[in-house]
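Single-letter residue listing:
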Amino acid sequence: MDDSDLVGEPVERVTEQVASRGDRDTDDVRAAIDPFVEDGRVTRDGIDATVSDTAKIISTAESRVEYAAGAAETMRETLADAPAIPTVETRRVSFEERLDAVVDRLDTVQATLASVVEQSDSPPLFELGVDLRSASTHAQGIVQTADDLQRDIEQFESWLTDPERRTQELSEDVELVADSIEELEAATEETPEPATLADAHLQTDVFELLVADLRTELDDLAAFEPTGDLDSLHGEVDALDDRLAALRARLDDDPAYREQFGDVLASLAETLADREPPVEWGAIQETLSDHREQLQATRTDI
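Residues numbered from 1 in each chain as written. Predicted model: local features only at pLDDT ≥ 70, side-chain atom pairs only at ≥ 80, totals over all residues. Heavy atoms only, no water.

Some thoughts on the pattern of salt bridges
Right, so step 1: Taken as a whole, this structure holds 23 salt bridges when the rule is applied.
Right, so step 2: Between Asp-5 and Arg-21 there is a salt bridge, and its shortest N-O distance comes to 2.8 Å. Of this pair, Asp-5 sits in the segment before α1 (11-22) while Arg-21 sits in helix α1, and the two are 16 residues apart along the sequence.
Right, so step 3: Notably, a salt bridge pairs Asp-241 with Arg-215, separated by 2.6 Å at the nearest N-O pair. Separated by 26 residues along the polypeptide, Asp-241 in helix α8 (residues 231-252) and Arg-215 in helix α7 (residues 194-221) bring together distant segments of the chain.
Right, so step 4: A residue is classified by how much of its surface remains accessible, and Arg-215, at 24% relative accessible area, is partly exposed.
Right, so step 5: A single salt-bridge network, built from bridges that share partners, covers Arg-98, Asp-148, Arg-151 and Asp-152. (Salt bridge = Lys/Arg side-chain N within 4 Å of Asp/Glu carboxyl O. Helix = DSSP H or I, 4+ residues; strand = E, 2+ residues; numbered from the N terminus. Buried < 20%, exposed > 50% of the residue type's maximum accessible area, 1.4 Å probe, protein only.)

Things to note about the layout of surface pockets
Space left empty within the atom packing is revealed by a probe, the size of a water molecule, rolled over the atoms.
Right, so step 1: Quantified by volume, the largest pocket comes out at close to 730 Å³.
Right, so step 2: Put simply, the parts of the chain that give the lining of the largest pocket at least two residues each are α4 (86-119), α5 (125-161), α6 (163-187), α7 and α10 (281-298).
Right, so step 3: Here the lining of the largest pocket gets six residues from one element, more than from any other, and that element is α4.
Right, so step 4: When the residues that make up the lining of the largest pocket are grouped by side-chain class, the tally is six nonpolar, five polar and 10 charged.
Right, so step 5: Those elements that provide at least two residues to the lining of the second largest pocket are α5 and α6.
Right, so step 6: Looking at the lining of the second largest pocket residue by residue, the class counts come to seven nonpolar, two polar and three charged. (1 Å grid on protein atoms, 1.4 Å probe; cavity = no way out; pocket = protein on both sides within 12 Å on 5 of 7 lines; lining within 4 Å. Points joined across faces, edges and corners; volume = space filled by probe spheres on them. Nonpolar A, V, L, I, M, F, W, Y, C, P; charged D, E, K, R; others polar.)

Next up, the structure:
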C-alpha cells in the first residue's frame, strides 16, 4: 500500500491513517514508523536516514561474514596437512555448516534491504518500518555470529598446528569432567533422596558419553606429528572410567528411584543411544539440562 501521501504529515495522523488502512493496532504502527519521525512528522529524510543506517549495519555484517569465510579458507589450507581423523573432520564439518548458515542469513537481510529500497519511493510505511527493524536486528545478530565463528575457526587452526595447545585443551576437558564426577560422588555418598539419585543417573549417562569422547580425541591426537605429551592423559581418562563405573554400581545398589523417574531416565537414554564420539559437548549439555528440568517437574516431594 502506497503511503507516500502521508509523508510530511504529523505522526499522530500518520499513525491513525496507516492503522485504519491496514486494520492494525495503533501502538504497533507507531512503533514501526518511529524511526521516520523528525520534529513530530514522518519525513522523507527520516525514511532515507533509516534506510541508510540499516544499509550500514548490513554492510558491517557483510564484512564480518567475509572475515569468517576468509578464516574458513585458511582453515581448509591448514587441514591439507592434518591427519584424517574423526575429531578433526567433525569440527571441520561443524564450521562449514555454521558458515553456510550465516551466509544464508546474510542473503535474507540483503534481499530484505533490496526490497525496501525498491519500495522507498512509494512506501507502505508500516511494512517499511517493520522490514527495516527486522533487517537491522538480524544483521546485528549476524555480526555477532560471524565474529564468534571467525574466532572459533582461528582457535581450531591454532589447535591443529600446536601440539601443546591440543594436549592442554584436552587436559582441561578431562579436569572439567573429573570435577563434575567428584560432585556426583559427594552427592551420592550417604543416603540421598530418590530425586538426587535420579539426577546422578542422568549425569552419569552423559559423563559416560563425554569420557568416551575424551578417549576418542585422545586416540585421535596420536595421529598428529608431533603428538605432544599424551601418556599422563591416558591414565587420567582411565581413572574417569573407573570412577563412573563405581558411580553406576552405587546407583544400581539403590534402584528404587527408577520407579518414579523411569520415563525421564529412559528418555535421556534413548536420546543418547545414537550419539557416538566425536560429539558436540554443548548440545549434549543442553540435552542434559532439558532432562534435569523434566526430572524436577516429575518430583512429587516438592
